[in-house]
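# A structural walkthrough
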Amino acid sequence: GFGNTYMGQATAYVSSGGIPNTLLQPAVTRSWEAGFDAKFLQNRIGVDFTVYNRLTSNDILTSQISATSGFGSVSLNTGKMRNTGVELLLTGTPVRYGKTSWDMSFNLGYNKNRVLELVDGQDLIVMQQSRPGLYSDGGVPAYINAEVGQPLGIITGYTYKRDDKGNIIYNDQGFPVRGDIAKLGNSVPPLTMGFNNEFRYGSLFASILVDAKFGGKISSGTNNLAYVAGLHKKTLEGRETGITGQGVTESGGINKVTVSAQDYYTWVANNITEEFVYDASFVKLRQVVLGVNLPHNWTNRVKINDASLSFVARNLFTFYSKVPLVDPESTFLNGNVQGLEMLALPATRSYGINLNVKF
């Protein structure tokens, strides 16, 4: 962009927070896939199965850099990344009689991702960092990394320090000791599923779609800040009596030191990333459609071949989720970086009317 003038000449500046990279190359993908599509019993049962292997070179990722440079990030071409997986689609018609039918379909996809090479021989790039530090007390960060030999989007952060038996270690003040930065899970769910049912009776029709994702993780800044502010359900424990952490001391004895609830939960929020990384698996009622095909004697009058009117509702209900307070699909980022949530708005149901006309 161009700003104010100096000695009659316009001054130019970079208008984005990222360093422009004039050396970026287009990404290149080489892939193969194989599979089969089979139908049985007059197309009442179907199986569509595919396996694939994709090798991507020069994929473009955004890496965080030191803010002292005047920028927050830079776009880079990575080395190589491989995706292998399977896709399965099962279809069936349990009911087909006269004007009545019931069609169902189930799809499943599993993707295994690996980073093979990174730019300039690097083994790790920090693609993004969470931003929990909205309070004066701060908040412990989480990181999303691209690392050679690992899936893209590994969440890392500070853990509880534990002994050989897995017990949390507490210091002489009664607070859990912060351990090393470690891998806490993959932000990209490798397993996706969907189950759709379509019903028809004469001119009436309806469909119900349920979808699910499994295996991904999410780092929740909302839950972190709720600990600091004392608004999380877990912070109710010990408000009257204090908290005596269940674990051992640094010398190996049983921890017996009691800490006020406010000090304890603030300490955890500011030091332990692991506490706020959750299993982001979910099962949702994604969509319901109720509709009717308009009679042809109506549509023919206005020279329309077919017309239908339907009521559509989306994001109706979450059957299964382990993430407290927020939607497991929440994120403040897009593109290749997922798995970081910060003060997300609640998931929104939507309702609408759909008119479909064919001429």
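Anything mentioned here points back to the structure above.
These notes cover the structure that comes with them. Nothing here was measured: the structure is a model prediction, and the numbers come from that model.

Rules of the game
Residues numbered from 1 in each chain as written. Predicted model: local features only at pLDDT ≥ 70, side-chain atom pairs only at ≥ 80, totals over all residues. Heavy atoms only, no water. Helix = DSSP H or I, 4+ residues; strand = E, 2+ residues; numbered from the N terminus. Phe/Tyr/Trp six-rings, centres within 6.5 Å; stacked < 30°, edge-to-face > 60°. Lys NZ or Arg CZ within 6 Å of the ring centre and 35° of its normal. Pairing = 2+ DSSP bridges.

Note: most peptide bonds trans; most residues except glycine with negative phi. Notably, Met7 is not glycine yet its phi reads approximately 55°, a positive angle. Note on placement: Met7 falls in the loop between β1 (2-6) and β2 (9-12). With a phi angle near 50°, Leu343 is a residue other than glycine that sits in the positive phi range. Following the sequence through the fold, Leu343 ends up in the loop between β24 (340-341) and β25 (350-358).

Further remarks concern the packing of aromatic side chains. Tallied over the entire structure, the rule returns eight aromatic pairs. Look at Phe36 and Phe49: their rings are 5.9 Å apart centre to centre, the planes differ by 35°, and that puts the pair in the tilted class. Taken together, the positions of Phe36 in strand β4 (residues 28-40) and Phe49 in strand β5 (residues 45-57) put the pair 13 residues apart, joining distant regions of the chain. Here the aromatic cluster, defined as three or more aromatic residues joined through ring pairs, consists of Tyr227, Tyr264, Tyr265 and Phe276. Above the face of the Tyr158 ring, Arg178 is positioned so that its terminal group lies 3.8 Å from the ring centre.

It is worth spelling out the sheet that holds strand β7 (residues 73-77) at this point. Taking strand neighbours across the sheet as the criterion, the three strands line up as β3-β7-β6 in an open arrangement whose pairing is mixed. In this open sheet, the two strands that pair with only one neighbour each are β3 (18-19) and β6 (60-64).

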